[in-house]
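# Understanding the architecture of this molecule
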Amino acid sequence: MPTVDELRNEIREAVDRHERIESTAFTKEALAAICAAVEYDIDTNRLPSKSQMRAGILWKLGEIGADDAELADTPFRKAQLQTIVAELRDE
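Residues numbered from 1 in each chain as written. Predicted model: local features only at pLDDT ≥ 70, side-chain atom pairs only at ≥ 80, totals over all residues. Heavy atoms only, no water.

### Quick notes on helix 3 (residues 50-60)
Test applied: The buried label applies to any residue whose accessible area, calculated with a 1.4 Å probe on protein chains only, is under 20% of its type's maximum; exposed applies above 50%, and partly exposed to all values in between. In DSSP terms, a helix is any run of H or I states spanning at least four residues, a strand is any run of E spanning at least two, and both are numbered starting from the N terminus. Working rule for contacts: check all heavy atoms of both residues, and any pair within 4.5 Å makes them a contact.
Of all the positions in helix 3, only S51, M53, R54, A55, G56, I57 and L58 are classed as buried. In this fold, the buried residues of helix 3 make contact with helix 2 (28-37) and helix 4 (78-90).

In structure tokens form, the structure reads like this:
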């Protein structure tokens, strides 16, 4: 069973971002790349908040009912990371 860090790094690699050695949440740029991969349209000239992008990603994957930033105000949980990885592997 992969760790949260391993899942994050797999997602980073799938969206052409750099793997991180230390344990860190996604940067805005990495979240923007994930948004593009799951076809959640954002303004790339002025990136939305991290919580808005997380909400959009989870909404596109059917994990939450709306792309409401208040529904995603914390970093992704392990089960959510697993859902993202599964989606990115299917592409």
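Past the structure itself, the notes keep going.
### Here's the deal with a negative patch on the surface
This is how it is decided: Nonpolar side chains (Val, Leu, Ile, Met, Phe, Trp, Tyr) within 5 Å and like charges within 9 Å form the patches, drawn only from residues with over 30% relative accessible area and no salt bridge. Note that accessible areas follow from Shrake-Rupley with a 1.4 Å probe, and for residues the cover is restricted to the protein chains shown. Any carboxyl oxygen of Asp or Glu that lies within 4 Å of a side-chain nitrogen of Lys or Arg is treated as forming a salt bridge with it. Under the counting rule used here, the positive set is Lys and Arg, the negative set is Asp and Glu, and His together with the chain ends is not counted. In this description, the location of a charge corresponds to atom NZ of lysine, CZ of arginine, CG of aspartate or CD of glutamate.
Taken together, D67, D68, E70 and D73 make up a surface patch of like negative charges. Secondary-structure assignment places D68 in the loop between helix 3 and helix 4. Since its relative accessible area comes to 33%, D68 is described here as partly exposed.

### Some remarks on the side chain of R54
Tracing the backbone shows R54 in helix 3. No salt bridge is formed by the buried R54, whose closest oppositely charged neighbour, D73, lies at an N-O distance of 6.3 Å. Leaving out residues up to four positions away in the same chain, R54 has contacts with L31, A72, D73, T74, P75 and F76.

### Considerations on the pattern of salt bridges
In the structure shown here, the tally under the stated rule is two salt bridges. As a salt-bridge pair, R8 and D5 come within 3.4 Å of each other at their nearest N and O atoms. On the criterion of helical spacing, the pair formed by R8 and D5 is a turn pair, its members being three residues apart in helix 1 (residues 4-14). With relative accessibility at 12%, the residue R8 sits in the buried group. Overall, the relative accessible area of 32% leaves D5 in the partly exposed class.

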